[in-house]
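Spelled out from the first residue to the last, the chains are:
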Amino acid sequence: MTGDSRSHAADLDLLVEASLAAGQEALKYFRNDVQVWWKNEGTSPVTAADHAANDILKERLLGARAHYGWLSEESEDDSTRLSRRMVFIVDPIDGTRAFMSGKDTWVVSAAVTDGGIPVAGVLYAPALDELYVATADGRVEKNGEVLRARAVETGAHFRLSAPDEMANRLKGDLGLRVDRIGRIPSLAYRLAMIADGRLDATIVKPHAHDWDLAAADLILRNAGGRLVDSKGDRLVYNLPLPRHGLLVAALPGLEGEILGSFPAGAG
């Protein structure tokens, strides 16, 4: 564990306060005629709610920890974050497409990393009234209840939510054991569903970003699951390019089975 558990608890309190405020602000736009723009050459939507929630997060978090770095999907990247030991990594609305279509499964995602490792994390789903929290001392809760992921028995069926092109690459008996769960646009919420026992695994296509993952990674790990790259290694955050290759998130042991269908370094 990095840092001081007391400071992690204080950072978590700050993340919770800011995330609740940002989520409630975003909720005002939900299922209303929210303004939408398109970024990344027209491939990624961003709404007025994303911007409003981002403003609240930035004001409250950096207002309290001005010496921390900042990395957000909806802020211009500030390279000074690379020289900061402690960094806020946030996504004001993870699951913007779900938000736009009126689905409940979108979250505010906010984390603090220490030397690239998450030490405090929050996922807040305002439309579902769900709050996940975790700190590096092992604490992990959903709405105040401790989370403990179950293990999947060897050879048993398992619940997977993943893009078709990824799920279809599972080899042999492993592919036959899959119980498919429908698409969940928010990657962070998908990982939270593994932590709270509603899913067993997901496969993440290349190009997921730090802000999609940092908070959910800590929540899942503390609950007993794992998020790993194609080599089976845990992720490091706040690198110059805050983007990742193929990833697998799963309950204990299952991630190794799934990775066997993907060559190391696969995309």
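For the structure given in this document, a descriptive report is provided here. (Residues numbered from 1 in each chain as written. Predicted model: local features only at pLDDT ≥ 70, side-chain atom pairs only at ≥ 80, totals over all residues. Heavy atoms only, no water.)

1. Section: the environment of Thr154
Piece 1. Among the structural elements, Thr154 can be located in the loop between β9 (145-146) and β10 (158-161).
Piece 2. Taking the relative accessible area as the measure of exposure, Thr154 reaches 84% and is therefore exposed.
Piece 3. Along the primary structure Thr154 and Arg234 are separated by 80 residues, whereas in three dimensions their C-alpha atoms are 23 Å apart. (Helix = DSSP H or I, 4+ residues; strand = E, 2+ residues; numbered from the N terminus. Buried < 20%, exposed > 50% of the residue type's maximum accessible area, 1.4 Å probe, protein only.)

2. Considering the side chain of Thr47
Piece 1. The residue Thr47 is located in strand β2 (residues 44-47) in this model.
Piece 2. Looking at Thr47, the relative accessible area reads 0%, which means it is buried.
Piece 3. Within polar-contact distance, the side chain of Thr47 engages the backbone nitrogen of Ala49 at 3.1 Å.
Piece 4. Looking at Thr47, its side chain comes within polar contact range of the side chain of Asp50, at 2.6 Å.
Piece 5. Leaving out residues up to four positions away in the same chain, Thr47 has contacts with Val34, Gln35, Val36, Trp37, Thr96, Phe99 and Met100. (Polar contact = N/O pair within 3.5 Å; in protein donor to acceptor, adjacent residues only side chain to side chain. Contact = heavy atoms within 4.5 Å.)

3. Things to note about the sheet that holds strand β7 (residues 130-135)
Piece 1. As summarised here, the arrangement of the seven strands in space is β3-β4-β5-β6-β7-β8-β9, forming an open sheet in which the pairing is mixed. Of all the strands in the sheet, just β3 (69-72) and β9 have a single pairing partner and so form its edges.
Piece 2. Docked against the sheet, helix α7 (residues 210-223) engages β3, β4 (86-94), β5 (107-114), β6 (117-125), β7 and β8 (140-142), running at close to 100° with respect to β6. (Pairing = 2+ DSSP bridges. Axes fitted to C-alpha atoms, helices over the stretch in contact; angles between N-to-C directions.)

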